[in-house]
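A look at the structure
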Amino acid sequence: MSRIAVIPGDGTGPEVIREGIKVLTAAADKFSIPLTFTAFDWGGARYLKTGETLPDNAVHTLRGFDAIYLGAIGHPDVKPGILEQGILLRLRFELDQYINLRPVKLYPNVETPLANKKPEDIDFVIVRENVEGLYIGSGGFLKKGTPDEVAIQEMVCTRKGVERCVRFAFDLARRRNGRKKLTMSGKTNVLTFVQDLWYRTFMEVAKEYPDVTPDYAHIDATTMWMVKNPEWFDVIVTENMFGDIITDLGAMIQGGMGVAAGGNLNPEGVSMFEPIGGSAPKYTGQNIINPVAAILAGAMMLEQLGHQKAADAIEKSVVAVISRMKSMAAGRMGFSTSQIGDMVAAGL
Ligand code: IPM
Ligand code: MN
(Lines give C-alpha, C1' and ligand atoms only; values in the text may rest on other atoms or scores of the structure.)
(Ligands and ions follow the chains in the order given, each with its own letter.)
Protein backbone atom coordinates (compact mmCIF):
# COMPACT_ATOMS: atom_id res chain seq x y z
CA MET A 1 0.00 0.00 0.00
CA SER A 2 1.37 3.40 -0.97
CA ARG A 3 0.03 6.28 1.09
CA ILE A 4 0.20 9.62 -0.66
CA ALA A 5 -0.04 12.90 1.22
CA VAL A 6 -1.58 15.53 -1.03
CA ILE A 7 -0.96 19.25 -0.61
CA PRO A 8 -3.00 20.92 -3.37
CA GLY A 9 -1.93 24.35 -2.09
CA ASP A 10 -2.86 27.66 -3.66
CA GLY A 11 -4.16 29.15 -6.88
CA THR A 12 -4.31 26.64 -9.69
CA GLY A 13 -2.61 23.99 -7.50
CA PRO A 14 -5.88 22.26 -6.57
CA GLU A 15 -7.06 22.25 -10.21
CA VAL A 16 -3.97 20.52 -11.57
CA ILE A 17 -3.68 18.14 -8.63
CA ARG A 18 -7.30 17.07 -9.17
CA GLU A 19 -6.38 15.96 -12.70
CA GLY A 20 -3.20 14.32 -11.43
CA ILE A 21 -5.16 12.27 -8.91
CA LYS A 22 -7.67 11.36 -11.60
CA VAL A 23 -4.87 9.94 -13.74
CA LEU A 24 -3.07 8.27 -10.82
CA THR A 25 -6.31 6.62 -9.74
CA ALA A 26 -6.91 5.30 -13.24
CA ALA A 27 -3.32 4.00 -13.42
CA ALA A 28 -3.66 2.42 -9.98
CA ASP A 29 -6.80 0.60 -11.17
CA LYS A 30 -5.24 -0.61 -14.35
CA PHE A 31 -1.98 -1.82 -12.78
CA SER A 32 -3.55 -2.96 -9.48
CA ILE A 33 -1.50 -0.59 -7.36
CA PRO A 34 -3.04 0.10 -3.97
CA LEU A 35 -2.86 3.89 -3.51
CA THR A 36 -4.50 6.10 -0.91
CA PHE A 37 -4.66 9.90 -0.95
CA THR A 38 -4.86 12.09 2.16
CA ALA A 39 -5.27 15.82 1.59
CA PHE A 40 -3.82 18.63 3.72
CA ASP A 41 -4.98 22.24 3.42
CA TRP A 42 -1.55 23.83 3.93
CA GLY A 43 -0.86 26.92 1.86
CA GLY A 44 -1.50 30.63 1.57
CA ALA A 45 -5.24 30.59 2.23
CA ARG A 46 -4.79 28.72 5.50
CA TYR A 47 -1.90 31.00 6.47
CA LEU A 48 -4.09 34.08 5.98
CA LYS A 49 -6.76 32.54 8.22
CA THR A 50 -4.56 31.12 10.97
CA GLY A 51 -1.21 32.91 10.75
CA GLU A 52 0.49 29.54 10.59
CA THR A 53 2.43 28.24 7.58
CA LEU A 54 2.67 24.61 8.71
CA PRO A 55 1.33 23.08 11.90
CA ASP A 56 4.01 21.90 14.36
CA ASN A 57 3.34 18.25 13.68
CA ALA A 58 3.31 18.60 9.86
CA VAL A 59 6.73 17.10 9.21
CA HIS A 60 6.11 14.30 11.68
CA THR A 61 2.78 13.56 10.00
CA LEU A 62 4.34 13.52 6.53
CA ARG A 63 6.99 11.03 7.65
CA GLY A 64 4.15 8.53 7.96
CA PHE A 65 3.49 8.69 4.20
CA ASP A 66 5.27 7.11 1.26
CA ALA A 67 5.29 10.25 -0.90
CA ILE A 68 3.94 13.79 -1.09
CA TYR A 69 2.08 15.22 -4.07
CA LEU A 70 2.20 19.02 -4.10
CA GLY A 71 0.27 21.46 -6.29
CA ALA A 72 1.58 24.98 -5.81
CA ILE A 73 2.42 27.27 -2.92
CA GLY A 74 2.08 31.05 -3.28
CA HIS A 75 -0.62 33.63 -2.60
CA PRO A 76 -0.87 37.19 -3.96
CA ASP A 77 -1.86 38.53 -0.50
CA VAL A 78 1.10 37.00 1.33
CA LYS A 79 4.46 38.75 1.40
CA PRO A 80 6.99 36.93 -0.82
CA GLY A 81 9.22 34.54 1.10
CA ILE A 82 6.88 33.56 3.93
CA LEU A 83 5.18 30.61 2.24
CA GLU A 84 8.23 29.62 0.21
CA GLN A 85 10.36 29.37 3.35
CA GLY A 86 7.64 28.29 5.76
CA ILE A 87 6.26 25.50 3.62
CA LEU A 88 8.24 24.50 0.53
CA LEU A 89 11.80 25.00 1.76
CA ARG A 90 10.95 23.81 5.26
CA LEU A 91 9.61 20.52 3.91
CA ARG A 92 12.60 20.06 1.60
CA PHE A 93 15.01 20.67 4.48
CA GLU A 94 13.29 18.84 7.30
CA LEU A 95 12.52 15.81 5.16
CA ASP A 96 16.10 16.02 3.86
CA GLN A 97 15.00 15.91 0.23
CA TYR A 98 18.52 16.44 -0.98
CA ILE A 99 17.88 15.89 -4.67
CA ASN A 100 15.79 18.09 -6.89
CA LEU A 101 15.25 16.07 -10.04
CA ARG A 102 14.05 17.95 -13.09
CA PRO A 103 13.80 16.20 -16.43
CA VAL A 104 14.05 18.50 -19.45
CA LYS A 105 12.31 16.70 -22.25
CA LEU A 106 10.73 18.16 -25.35
CA TYR A 107 7.72 16.06 -26.30
CA PRO A 108 6.53 15.84 -29.91
CA ASN A 109 4.07 18.60 -30.87
CA VAL A 110 5.32 20.87 -28.08
CA GLU A 111 6.65 24.22 -29.20
CA THR A 112 10.14 25.17 -28.01
CA PRO A 113 11.52 28.71 -28.31
CA LEU A 114 14.76 27.18 -29.62
CA ALA A 115 14.90 27.38 -33.42
CA ASN A 116 15.50 24.11 -35.24
CA LYS A 117 15.55 21.93 -32.12
CA LYS A 118 13.56 18.72 -32.10
CA PRO A 119 12.52 16.25 -29.41
CA GLU A 120 15.65 14.16 -30.00
CA ASP A 121 17.78 17.25 -29.24
CA ILE A 122 16.20 18.14 -25.91
CA ASP A 123 16.19 15.19 -23.54
CA PHE A 124 18.29 15.50 -20.40
CA VAL A 125 17.90 15.58 -16.64
CA ILE A 126 19.08 18.17 -14.15
CA VAL A 127 20.06 16.93 -10.71
CA ARG A 128 20.00 19.93 -8.44
CA GLU A 129 21.42 19.71 -4.91
CA ASN A 130 18.39 20.72 -2.85
CA VAL A 131 19.30 21.42 0.78
CA GLU A 132 22.64 23.26 0.89
CA GLY A 133 24.45 26.18 -0.73
CA LEU A 134 22.88 29.61 -0.54
CA TYR A 135 19.56 28.14 0.55
CA ILE A 136 20.55 27.30 4.13
CA GLY A 137 19.69 30.83 5.26
CA SER A 138 23.04 31.62 6.86
CA GLY A 139 24.08 35.26 6.94
CA GLY A 140 22.96 38.55 8.35
CA PHE A 141 23.10 42.31 8.34
CA LEU A 142 25.46 44.81 9.87
CA LYS A 143 24.31 48.40 10.34
CA LYS A 144 21.04 47.62 8.61
CA GLY A 145 19.27 50.60 7.12
CA THR A 146 22.31 52.87 7.34
CA PRO A 147 24.54 54.04 4.48
CA ASP A 148 27.20 51.67 5.87
CA GLU A 149 24.95 48.65 5.68
CA VAL A 150 26.55 45.25 5.07
CA ALA A 151 24.60 42.15 4.03
CA ILE A 152 26.08 38.66 4.02
CA GLN A 153 24.56 35.48 2.62
CA GLU A 154 26.77 32.45 2.92
CA MET A 155 27.07 29.55 0.51
CA VAL A 156 27.68 26.41 2.51
CA CYS A 157 28.50 23.08 0.90
CA THR A 158 29.47 19.97 2.82
CA ARG A 159 31.48 16.98 1.64
CA LYS A 160 28.67 14.62 2.65
CA GLY A 161 26.00 16.73 1.02
CA VAL A 162 27.89 17.13 -2.22
CA GLU A 163 28.96 13.51 -2.34
CA ARG A 164 25.49 12.00 -1.92
CA CYS A 165 24.16 14.30 -4.62
CA VAL A 166 26.98 13.55 -7.05
CA ARG A 167 26.64 9.83 -6.37
CA PHE A 168 22.90 9.98 -7.11
CA ALA A 169 23.67 11.72 -10.41
CA PHE A 170 26.26 9.12 -11.43
CA ASP A 171 23.80 6.33 -10.62
CA LEU A 172 21.17 8.05 -12.72
CA ALA A 173 23.54 8.60 -15.65
CA ARG A 174 24.48 4.92 -15.49
CA ARG A 175 20.92 3.63 -15.73
CA ARG A 176 19.14 6.36 -17.72
CA ASN A 177 20.03 5.52 -21.32
CA GLY A 178 23.02 4.37 -23.29
CA ARG A 179 24.79 7.74 -23.24
CA LYS A 180 26.12 7.56 -19.68
CA LYS A 181 27.44 11.08 -19.53
CA LEU A 182 27.37 13.29 -16.45
CA THR A 183 28.16 17.00 -16.65
CA MET A 184 29.00 18.88 -13.50
CA SER A 185 27.93 22.51 -13.88
CA GLY A 186 29.93 24.77 -11.62
CA LYS A 187 32.04 27.85 -11.23
CA THR A 188 35.46 26.56 -10.23
CA ASN A 189 37.17 29.63 -11.65
CA VAL A 190 35.59 32.01 -9.14
CA LEU A 191 34.03 30.10 -6.23
CA THR A 192 37.38 28.60 -5.31
CA PHE A 193 36.25 27.05 -2.02
CA VAL A 194 32.81 25.52 -2.45
CA GLN A 195 33.34 24.65 -6.10
CA ASP A 196 36.75 23.18 -5.38
CA LEU A 197 35.03 20.83 -2.94
CA TRP A 198 32.40 20.04 -5.59
CA TYR A 199 34.93 19.36 -8.33
CA ARG A 200 37.21 17.19 -6.21
CA THR A 201 34.24 15.19 -4.97
CA PHE A 202 32.91 14.85 -8.50
CA MET A 203 36.22 13.54 -9.89
CA GLU A 204 36.74 11.17 -6.96
CA VAL A 205 33.28 9.64 -7.23
CA ALA A 206 33.77 9.43 -11.01
CA LYS A 207 36.44 6.77 -10.41
CA GLU A 208 33.75 4.46 -9.05
CA TYR A 209 31.82 4.85 -12.32
CA PRO A 210 34.31 4.02 -15.06
CA ASP A 211 31.42 3.40 -17.47
CA VAL A 212 30.11 6.98 -17.07
CA THR A 213 31.92 9.84 -18.83
CA PRO A 214 32.49 12.77 -16.45
CA ASP A 215 32.23 16.18 -18.03
CA TYR A 216 32.53 19.68 -16.60
CA ALA A 217 31.11 23.03 -17.75
CA HIS A 218 31.00 26.38 -16.01
CA ILE A 219 27.46 27.38 -15.09
CA ASP A 220 27.43 30.42 -17.36
CA ALA A 221 28.63 28.33 -20.29
CA THR A 222 25.96 25.75 -19.40
CA THR A 223 23.20 28.31 -20.00
CA MET A 224 24.76 29.03 -23.37
CA TRP A 225 24.92 25.35 -24.35
CA MET A 226 21.40 24.68 -23.11
CA VAL A 227 20.19 27.17 -25.70
CA LYS A 228 22.68 26.49 -28.49
CA ASN A 229 23.40 22.76 -28.15
CA PRO A 230 21.01 21.15 -25.67
CA GLU A 231 21.78 17.78 -27.29
CA TRP A 232 25.17 17.92 -25.55
CA PHE A 233 23.59 17.05 -22.20
CA ASP A 234 22.52 13.73 -20.72
CA VAL A 235 22.59 14.32 -16.94
CA ILE A 236 23.69 17.59 -15.31
CA VAL A 237 24.57 17.80 -11.62
CA THR A 238 24.82 21.17 -9.95
CA GLU A 239 24.73 23.24 -6.79
CA ASN A 240 21.37 24.42 -5.40
CA MET A 241 21.26 28.05 -6.60
CA PHE A 242 22.73 27.26 -10.00
CA GLY A 243 20.20 24.46 -10.31
CA ASP A 244 17.33 26.77 -9.43
CA ILE A 245 18.25 29.04 -12.30
CA ILE A 246 19.03 26.50 -14.99
CA THR A 247 15.94 24.41 -14.26
CA ASP A 248 13.74 27.39 -15.14
CA LEU A 249 15.70 27.73 -18.36
CA GLY A 250 15.20 23.99 -18.86
CA ALA A 251 11.46 24.34 -18.30
CA MET A 252 11.26 27.01 -20.98
CA ILE A 253 13.12 25.06 -23.65
CA GLN A 254 10.91 22.02 -23.04
CA GLY A 255 7.78 24.05 -23.67
CA GLY A 256 7.10 26.00 -20.50
CA MET A 257 5.70 25.59 -17.02
CA GLY A 258 2.71 23.65 -18.33
CA VAL A 259 4.88 20.60 -18.98
CA ALA A 260 7.75 20.86 -16.47
CA ALA A 261 7.64 18.41 -13.57
CA GLY A 262 10.02 17.92 -10.69
CA GLY A 263 10.73 15.72 -7.73
CA ASN A 264 12.26 16.65 -4.38
CA LEU A 265 13.82 13.35 -3.47
CA ASN A 266 15.05 11.76 -0.33
CA PRO A 267 15.97 8.36 -1.75
CA GLU A 268 16.03 6.94 1.79
CA GLY A 269 12.94 8.81 3.01
CA VAL A 270 9.82 10.66 1.90
CA SER A 271 9.95 12.43 -1.46
CA MET A 272 7.74 15.22 -2.78
CA PHE A 273 6.59 15.69 -6.37
CA GLU A 274 5.36 18.91 -7.93
CA PRO A 275 4.75 20.72 -11.18
CA ILE A 276 7.47 23.39 -11.33
CA GLY A 277 5.06 26.20 -12.20
CA GLY A 278 3.62 28.41 -9.50
CA SER A 279 0.09 29.07 -8.30
CA ALA A 280 -0.83 31.22 -11.35
CA PRO A 281 -3.45 33.42 -9.60
CA LYS A 282 -4.50 34.95 -12.87
CA TYR A 283 -5.77 31.61 -14.22
CA THR A 284 -7.22 30.30 -10.98
CA GLY A 285 -10.67 28.74 -10.98
CA GLN A 286 -11.20 28.91 -14.73
CA ASN A 287 -10.40 25.31 -15.66
CA ILE A 288 -7.89 26.55 -18.27
CA ILE A 289 -4.53 25.78 -16.65
CA ASN A 290 -2.38 23.03 -18.17
CA PRO A 291 -2.34 19.98 -15.88
CA VAL A 292 0.29 18.06 -17.87
CA ALA A 293 3.18 19.03 -15.56
CA ALA A 294 1.22 17.88 -12.51
CA ILE A 295 0.29 14.63 -14.25
CA LEU A 296 3.93 14.01 -15.19
CA ALA A 297 4.96 14.77 -11.60
CA GLY A 298 2.49 12.07 -10.58
CA ALA A 299 4.17 9.67 -13.00
CA MET A 300 7.57 10.51 -11.46
CA MET A 301 6.07 9.72 -8.07
CA LEU A 302 4.88 6.29 -9.24
CA GLU A 303 8.32 5.60 -10.68
CA GLN A 304 9.96 6.52 -7.38
CA LEU A 305 7.52 4.22 -5.57
CA GLY A 306 8.66 1.37 -7.81
CA HIS A 307 5.83 1.32 -10.35
CA GLN A 308 7.82 1.86 -13.51
CA LYS A 309 5.25 0.31 -15.86
CA ALA A 310 2.43 2.50 -14.62
CA ALA A 311 4.68 5.57 -14.83
CA ASP A 312 5.63 4.72 -18.41
CA ALA A 313 1.97 4.18 -19.32
CA ILE A 314 1.05 7.62 -18.00
CA GLU A 315 3.86 9.25 -19.93
CA LYS A 316 2.77 7.45 -23.09
CA SER A 317 -0.80 8.57 -22.65
CA VAL A 318 0.35 12.14 -22.00
CA VAL A 319 2.36 12.09 -25.23
CA ALA A 320 -0.74 11.00 -27.15
CA VAL A 321 -2.85 13.74 -25.57
CA ILE A 322 -0.19 16.37 -26.22
CA SER A 323 -0.29 15.46 -29.91
CA ARG A 324 -3.92 16.68 -29.92
CA MET A 325 -3.36 19.89 -27.93
CA LYS A 326 -3.10 23.25 -29.70
CA SER A 327 -0.66 24.76 -27.21
CA MET A 328 0.86 24.14 -23.78
CA ALA A 329 -0.19 27.60 -22.61
CA ALA A 330 -3.10 28.17 -20.21
CA GLY A 331 -6.29 29.05 -22.05
CA ARG A 332 -4.94 28.09 -25.44
CA MET A 333 -4.75 24.32 -25.16
CA GLY A 334 -7.88 23.63 -27.21
CA PHE A 335 -9.20 21.73 -24.18
CA SER A 336 -10.04 22.54 -20.58
CA THR A 337 -7.96 21.41 -17.61
CA SER A 338 -10.41 18.65 -16.73
CA GLN A 339 -10.72 17.49 -20.34
CA ILE A 340 -6.96 16.94 -20.48
CA GLY A 341 -7.14 14.89 -17.29
CA ASP A 342 -10.04 12.84 -18.67
CA MET A 343 -8.17 12.18 -21.92
CA VAL A 344 -4.95 11.08 -20.22
CA ALA A 345 -6.89 8.81 -17.87
CA ALA A 346 -8.90 7.31 -20.73
CA GLY A 347 -5.74 6.81 -22.79
CA LEU A 348 -4.35 4.45 -20.18
C1 IPM B 1 11.80 26.22 -7.20
C2 IPM B 1 11.35 27.54 -6.64
C3 IPM B 1 11.78 27.63 -5.20
C4 IPM B 1 13.29 27.54 -5.16
C5 IPM B 1 11.27 28.90 -4.48
C6 IPM B 1 9.78 29.04 -4.59
C7 IPM B 1 11.72 28.94 -3.05
O8 IPM B 1 11.83 28.58 -7.40
O9 IPM B 1 11.29 25.19 -6.75
O10 IPM B 1 12.67 26.21 -8.07
O11 IPM B 1 13.99 28.57 -5.25
O12 IPM B 1 13.80 26.44 -5.01
MN1 MN C 1 13.05 27.96 -9.07
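Residues numbered from 1 in each chain as written. Chains lettered and ligands numbered in written order. Predicted model: local features only at pLDDT ≥ 70, side-chain atom pairs only at ≥ 80, totals over all residues. Heavy atoms only, no water.

Some thoughts on the domain arrangement of the protein chain
Note the threshold: What counts as a domain boundary in this text is fixed by an automatic or database domain assignment. Whether two residues touch is decided by their heavy atoms; if any such pair falls within 4.5 Å, the residues are in contact. Two parts placed together each lose some accessible area; with a 1.4 Å probe, that loss summed over both constitutes the buried area. The term salt bridge refers to a side-chain nitrogen of Lys or Arg lying within 4 Å of a carboxyl oxygen of Asp or Glu. Nitrogen and oxygen atoms within 3.5 Å of one another constitute a polar contact, given that in protein one can donate a hydrogen and the other can accept it, and given that sequence-neighbouring residues count only through two side-chain atoms. Going along the chain from the N terminus, every DSSP run of H or I of four or more residues is numbered as a helix, and every run of E of two or more is numbered as a strand. Here the term charged refers only to Asp, Glu, Lys and Arg, the term nonpolar to Ala, Val, Leu, Ile, Met, Phe, Trp, Tyr, Cys and Pro, and the term polar to all other amino acids, Gly among them.
Once the domains are mapped, the protein chain shows domain 1 (1-106 + 258-348) and domain 2 (112-254). For domain 1 versus domain 2, the distance between C-alpha centres works out to 24 Å. Taken together, the 20 residues of domain 1 in the interface contact 26 residues of domain 2. For the pair domain 1 and domain 2, the summed buried area comes to about 2100 Å², and 61% of that belongs to carbon and sulfur atoms. It is Tyr-98, Val-104 and Leu-106 that lose the most area in domain 1 upon contact with domain 2, and together they represent 36% of the buried surface on that side. Counting across the domain 1 and domain 2 interface gives one salt bridge. Here Arg-164 and Asp-96 are joined by a salt bridge, their closest N and O atoms 2.9 Å apart. Connecting domain 1 to domain 2 are eleven residue pairs in polar contact (both at pLDDT 80 or more). At the level of elements, α4 (82-94), β4 (99-105) and β11 (261-265) are the ones that each hand at least two residues to the side of domain 1 that touches domain 2. Partitioning the side of domain 1 that touches domain 2 into residue classes produces 13 nonpolar, three polar and four charged.

Structural notes on the pattern of salt bridges
Under the counting rule described, the total for this entry stands at 20 salt bridges. A salt bridge links Arg-176 to Asp-123; the nearest nitrogen and oxygen atoms lie 3.5 Å apart. On the criterion of sequence distance, the pair formed by Arg-176 in helix α5 (residues 159-176) and Asp-123 in strand β5 (residues 123-129) is long-range, its members being 53 residues apart. Residue Glu-163 is joined to Arg-167 by a salt bridge in which the shortest nitrogen-to-oxygen separation is 2.6 Å. With Glu-163 and Arg-167 both in helix α5 and four residues apart, this pair spans about one turn of that helix. The network of salt bridges with common partners includes Arg-159, Glu-163, Arg-167, Glu-204 and Glu-208.

A look at the pairing of strand β8 (residues 181-186)
A regular strand places its side chains on the two faces of the sheet in alternate fashion. This is how the line gets drawn: Relative accessibility thresholds used throughout: buried, under 20% of the residue-type maximum; exposed, over 50%; partly exposed, between the two (1.4 Å probe, protein chains only). Here a strand pair is declared whenever DSSP counts at least two bridges between the two strands. Here is how to tell: hold the view so the strands point away, follow the path from the first strand over the helix to the second, and if it runs clockwise the crossover is right-handed.
When you tally the buried positions in β8, you get six out of six residues, the bulk of the element. Burial along β8 is two-sided: the face carrying Lys-181, Thr-183 and Ser-185 and the face carrying Leu-182, Met-184 and Gly-186 are both buried. Sheet topology places β8 next to strand β9 (residues 213-218); six bridges connect them, and they run parallel. Bridge pairing in β9 places Met-184 opposite Tyr-216. You can see the chain leave β8, run along helix α6 (residues 194-206) and come back into β9, and the turn it takes is right-handed. As judged from the four bridges shared by β8 and strand β10 (residues 235-238), these two strands associate in the parallel manner. Within the sheet, the bridge partner assigned to Thr-183 lies in β10 and is Ile-236.

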